[in-house]
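What follows is the residue order along each chain.
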Amino acid sequence: MSRIGRMPIAVPAGVDVKIAEGNVITVKGPKGTLTKELHPEMIIKQEGAEINVSRPSEIKAHKALHGLTRTLLNNMIIGVTEGYEKTLEVNGVGYRAQLQGKNLLMNLGYSHPVEMVPADGITIEVPNPNTIIVKGIDKQVVGEFAAKVREKRLPEPYKGKGIKYSYEHIRRKEGKTGGKK
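Please read all numbers here as calculations on a predicted model, not as lab measurements.

S.K.: Please give an account of the pairing of strand 7 (residues 84–91) that cites residues and values.
M.R.: Examined bridge by bridge, strand 7 and strand 12 (residues 131–136) share six bridges and lie antiparallel to one another. What sits directly across from Tyr84, in strand 12, is Gly136. Bridging between strand 7 and strand 13 (residues 162–165) involves four bridges; their strand directions are antiparallel. The partner of Glu89 across the bridge, within strand 13, is Lys164.

S.K.: Could you give me a rundown of helix 2 (residues 60–81), with the residues and numbers involved?
M.R.: Taking 1.5 Å per residue as the helical rise, helix 2 with its 22 residues ought to reach 32 Å, and the 33 Å between its terminal C-alpha atoms agrees with that figure. Backbone geometry just after helix 2 places Gly83 at a positive phi near 85°.

S.K.: Describe in detail the nonpolar core, supporting the description with residues and values.
M.R.: With 20 residues, the main nonpolar core has Leu88, Leu104, Met106, Ile132, Val134 and Val149 as its most contacted residues. When contributions to this core are tallied by element, the ones reaching two or more residues are strand 7, strand 9 (103–107), strand 10 (114–116), strand 11 (122–128), strand 12, helix 3 (139–151) and strand 13. The contacts of Leu104, once residues within four sequence positions are left out, are Ala97, Gln98, Leu99, Val114, Glu115, Met116, Ile124, Val126, Ile132 and Val149. In this structure, Val11, Val27, Leu73 and Ile137 belong to the second largest nonpolar core, which totals 16 residues.

S.K.: Could you give an account of the sheet that holds strand 12, with specific residues and numbers?
M.R.: Ordered by their spatial adjacency, four strands build an open sheet running 11-12-7-13, and the pairing between neighbours is antiparallel. Looking at the sheet topology across the chains shown, the edges are occupied by strand 11 and strand 13. Between one strand axis and the next, the sheet turns through 25° on average, direction left out of account. Packed on one face of the sheet, helix 3 meets strand 7, strand 11, strand 12 and strand 13 and runs near 5° to strand 7.

Conventions we followed
- Residues numbered from 1 in each chain as written.
- Predicted model: local features only at pLDDT ≥ 70, side-chain atom pairs only at ≥ 80, totals over all residues.
- Heavy atoms only, no water.
- Pairing = 2+ DSSP bridges.
- Helix = DSSP H or I, 4+ residues; strand = E, 2+ residues; numbered from the N terminus.
- Expected span 1.5 Å × (residues − 1).
- Core = buried A, V, L, I, M, F, W, Y, C linked by side-chain atoms within 4.5 Å.
- Buried < 20%, exposed > 50% of the residue type's maximum accessible area, 1.4 Å probe, protein only.
- Contact = heavy atoms within 4.5 Å.
- Axes fitted to C-alpha atoms, helices over the stretch in contact; angles between N-to-C directions.

Next comes the structure, spelled out in structure tokens:
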């Protein structure tokens, strides 16, 4: 039995979960509404303030989907109550970020500024020119947008210049040495 899949999901007060035909789940909370179609073979039951996920059989595919389904459902509930955020750091001389309306404008050492339009449901904050905070209720969308921002200038190992996650540690390399002549 899947250890993660077996655990019940607590539904906090103020969160409304609707399970429709074909496992289309709609979660409404204080931060917004999320709808996701989960695998139709998984068995999702709501009992009071708890949701339980079970699998129809012991075949390998159902075992794999059991924990995944529970985690996706739990992430939706956390998203509409607390939300998700990723913090990025911009390192490098002359590298900086700023907001222009809702769009993110970054100077990253290219001959042109890089402008990024946030996806639906994403808000961007730039508390200082070297920090970007991506917020939203959908964990996947927040992570994907943060990864696209980071991709514009990946951190390099020699000087540590680029965009990195706040928790990320860049392993530094030593530069070239003189050598024989």
